[in-house]
Amino acid sequence: MTDFTWQDEQIAALEPLAPLLSIDSDDAARTARAALAELPTPHNAEQAVVLGTLRQLISQALERWQAAPESPAEGAAAQEPADHALAFLQVLMQQHQLKAVDLRELIGSKTLLSLIFSGQRRLTRDHITRLSQYFRVSPALFFPPLPLAAVSVKAPEQPTNLSAAGLWLELRMYLDTHLLDRKNGSKTRNMDLVCDYFGFSVSPWEDLQTLADKYKFNSRERSRQIMQMAFRDFADAGDLPLARQAASLLEIAGAITMQDFTRVLAGHGLLDQPVQARGLLIYLRELGLCQDFGVYVKDMVPLRKSMASDDPPIWLIDKQWLHKHRQMLHDLYTLPGLIGLACLDDFFVTHELDDTQQNLAWLMLENMSDFWSVQEAGETWFAIEGRTNRVINDLGKIFAVLEQCKPARLAHCIHNGLSNRTRKQRRPSPELIEEFLKTSMHTEFDGRFIRFNGELAELNPIEQDTVAWLRKRNYTGYPELKEHLLGLGYSKPNTDKAITKSPLVYVDKSRGRSHYRYSWVGG
């Protein structure tokens with residue numbers, strides 16, 4: 001595999017890459033495809049032009065090889081597939097020393113595998129999603145990069161505030177071609193203003209008024225006039241292939257964080273450093289691309305100017321998905337509140353989410369500061385600690401009557417209390433609850449005892465009487481405790497609940513069902 005490294009003093013020296021530009025065998029074609037996928041991210045405008053030229057030359061060499069007829073010597077040997085997704089998959093398989101049959105669980109039956117690898121069927125979007133997760137690569141790499149438009153090898157003058165190559169360079173050169181060069185220097189200013197407005201700036205939010213202040217105009221109307229004259233009057237997506245490629249990558253994703261989208265763009269040589277999400281989306285929409293996408297933050301709230309300076313996790317999402325995802329988020333946030341810790345895998349099955357939607361849900365949760373999760377037996381259990389939570393509520397009751405407790409005993413009592421739930425959801429195991437108690441933002445664990453730093457709760461009368469009676473004894477049987485509470489005037493249903501479904505009562509079941517022993521949580 002070719003190892004690409006930048007040599008600043010010989011940036012234009014492409015001789016070592018000559019074998020990639022003249023492909024005469026299947027092995028050479030595979031090496032060229034792998035090299036194409038590994039091209040590095042440019043760090044300035046000159047490198048962007050050199051890399052773009054190299055990408056174009058390699059792509060053309062591959063196209064020539066794919067279009068060439070089989071030589072007589074090859075006989076009936078299989079041709080290198082023209083399908084980019086399949087070609088990239090074969091590179092990954094070669095790197096990981098896998099055979100087609102090894103991918104059966106990811107793709108499907110042997111028959112389907114045979115059809116795909118023979119070129120009679122293509123990989124679907126679901127296949128690509130599963131394969132990208134398995135190989136830990138971006139799904140976008142399974143789609144062919146558009147060849148760069150022919151550009152001069154001489155790069156335009158590099159501005160002092162260069163924040164992106166690729167898209168930025170394409171836009172800059174496009175403006176340079178269409179705008180008149182005036183003696184007062186307004187051309188450069190107008191190019192800077194357009195690029196700032198479209199997110200190629202350090203500012204988190206560039207609107208017309210911000211630009212008017214920045215360039216010392218009398219009003220935002222002047223900013224609008226320049227945008228109209230310097231871009232909108234002649235802009236055509238057909239002349240900007242990199243913008244079209246960025247749009248196609250976004251539409252493939254459907255919903256993606258700006259951080260991840262930046263990585264995808266960088267992997268295709270379209271960006272050097274992140275641009276602002278709002279400006280980039282406006283750029284694509286001004287060109288008639290990605291019209292159904294919006295920019296959102298936590299809980300799928302549209303990004304506003306007041307939020308931009310806080311640098312929140314930002315999402316680019318197709319609006320057609322939005323309603324479903326908002327409902328999904330509501331259910332996702334509500335579920336652990338009802339049962340303390342919820343199983344994410346159960347949620348996915350219940351809501352019939354496909355792989356892409358599952359990835360989106362997981363990414364949304366991961367970007368929450370109060371998200372807690374743990375793995376058990378291959379399943380993910382989670383809690384959202386900043387919201388109402390049954391475990392936290394029970395801790396408020398328990399620590400109203402004690403200062404500290406051993407983790408295992410405390411977890412057992414919490415597990416007992418969760419049996420009194422109103423929905424048919426699986427309870428987390430005592431071991432899961434113990435792990436949560438040791439690491440929660442609401443508790444402190446010193447290696448021996450758990451302490452609670454949340455709000456204490458008030459016990460109801462039957463809970464007070466149950467704790468008071470149990471604290472006087474090491475343990476008791478069910479009949480004695482039940483008789484005591486009934487004698488105080490409590491009903492049988494309330495008595496059963498206070499004994500068998502309370503986080504304040506520890507139940508020792510080691511002697512068998514007919515010999516359970518009961519003691520208070522701090523015993």
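Note that this is a predicted model, so its numbers are computed, not measured.

J.: Any chance you could break down the overall build of the chain for me, citing the residues and the numbers?
T.: Of the regular secondary structure elements, the chain holds 24 helices and 11 strands. For the chain, the proportion of its 523 residues judged to be buried stands at 47%. Roughly 26,700 Å² of accessible area belongs to the chain as shown, and the carbon and sulfur atoms make up 48% of that amount.

J.: Tell me what's going on with the confidence of the model for the chain, and back it up with residues and numbers.
T.: Close inspection of predicted coordinates is inappropriate for parts of the model with low pLDDT. For the chain, the average pLDDT comes to 78, and 78% of its residues sit at 70 or higher. Taken element by element, the chain is modelled with least confidence in helix H1 (residues 18-21), mean pLDDT 56, and with most confidence in strand E9 (residues 450-452), mean pLDDT 94. Confidence drops under a pLDDT of 50 for residues 1-15, and excluding neighbours within four residues, the segment shows 25 contacts in the predicted structure. Note on residues 69-82: pLDDT is under 50 here. Beyond four places in sequence and across chains, it has 19 contacts.

J.: I'd like a description of the environment of Leu-113, backed by residues and values.
T.: Among the structural elements, Leu-113 can be located in helix H6 (residues 110-117). A C-alpha to C-alpha distance of 9.7 Å links Leu-113 and Leu-123, two positions 10 residues apart in sequence. For Leu-113, the residues in contact, after removing those within four places along its chain, are Ala-100, Val-101, Leu-103, Arg-104, Ile-107 and Gly-108.

J.: Break down the pairing of strand E2 (residues 293-297) for me, citing the residues and quoting the values.
T.: Of all 5 residues making up E2, 5 are buried, and the element is well covered by its neighbours. Across the two faces of E2 the burial is the same, with Phe-293, Val-295 and Val-297 and Gly-294 and Tyr-296 all buried. Sheet topology note: the E2/strand E3 (residues 301-302) ladder contains 2 bridges and is antiparallel. Along E3, the bridge assignment pairs Val-297 with Val-301.

J.: Outline the packing of aromatic side chains, listing residues and values.
T.: As enumerated under the stated definition, the model contains 12 aromatic pairs in all. Summarising the aromatic geometry, the rings of Phe-198 and Phe-231 are spaced 4.8 Å apart at their centres and angled 65° between planes, so their arrangement reads as edge-to-face. Taken together, the positions of Phe-198 in the loop between helix H9 (186-197) and helix H10 (208-214) and Phe-231 in helix H11 (residues 220-232) put the pair 33 residues apart, joining distant regions of the chain. Phe-198 gets classed as buried once you look at its relative accessible area, which sits at 0%. Here Phe-231 falls in the buried class, since its relative accessible area comes to 0%. Ring plane angle 25° and centroid distance 5.8 Å describe the contact between Phe-399 and Phe-452, whose orientation is recorded as stacked. Of this pair, Phe-399 sits in the loop between helix H19 (390-398) and helix H20 (407-417) while Phe-452 sits in strand E9; the two residues are 53 residues apart in sequence, bridging distant segments of the chain. This pair shows no difference in class: Phe-399 is buried, exactly as Phe-452 is. The rings of Tyr-197, Phe-198, Phe-200, Phe-231 and Tyr-283 are connected pair by pair, giving a single aromatic cluster. Its end group placed over the ring of Tyr-506, Arg-409 keeps NZ or CZ at 4.1 Å from the ring centre. Arg-471 extends its terminal NZ or CZ atom over the ring of Trp-520, reaching a point 4.4 Å from the ring centre.

Cut-off values and rules
Residues numbered from 1 in each chain as written. Predicted model: local features only at pLDDT ≥ 70, side-chain atom pairs only at ≥ 80, totals over all residues. Heavy atoms only, no water. Helix = DSSP H or I, 4+ residues; strand = E, 2+ residues; numbered from the N terminus. Buried < 20%, exposed > 50% of the residue type's maximum accessible area, 1.4 Å probe, protein only. Areas by Shrake-Rupley, 256 points an atom, 1.4 Å probe, with all protein chains shown as cover. pLDDT = per-residue confidence, 0-100. Contact = heavy atoms within 4.5 Å. Pairing = 2+ DSSP bridges. Phe/Tyr/Trp six-rings, centres within 6.5 Å; stacked < 30°, edge-to-face > 60°. Lys NZ or Arg CZ within 6 Å of the ring centre and 35° of its normal.

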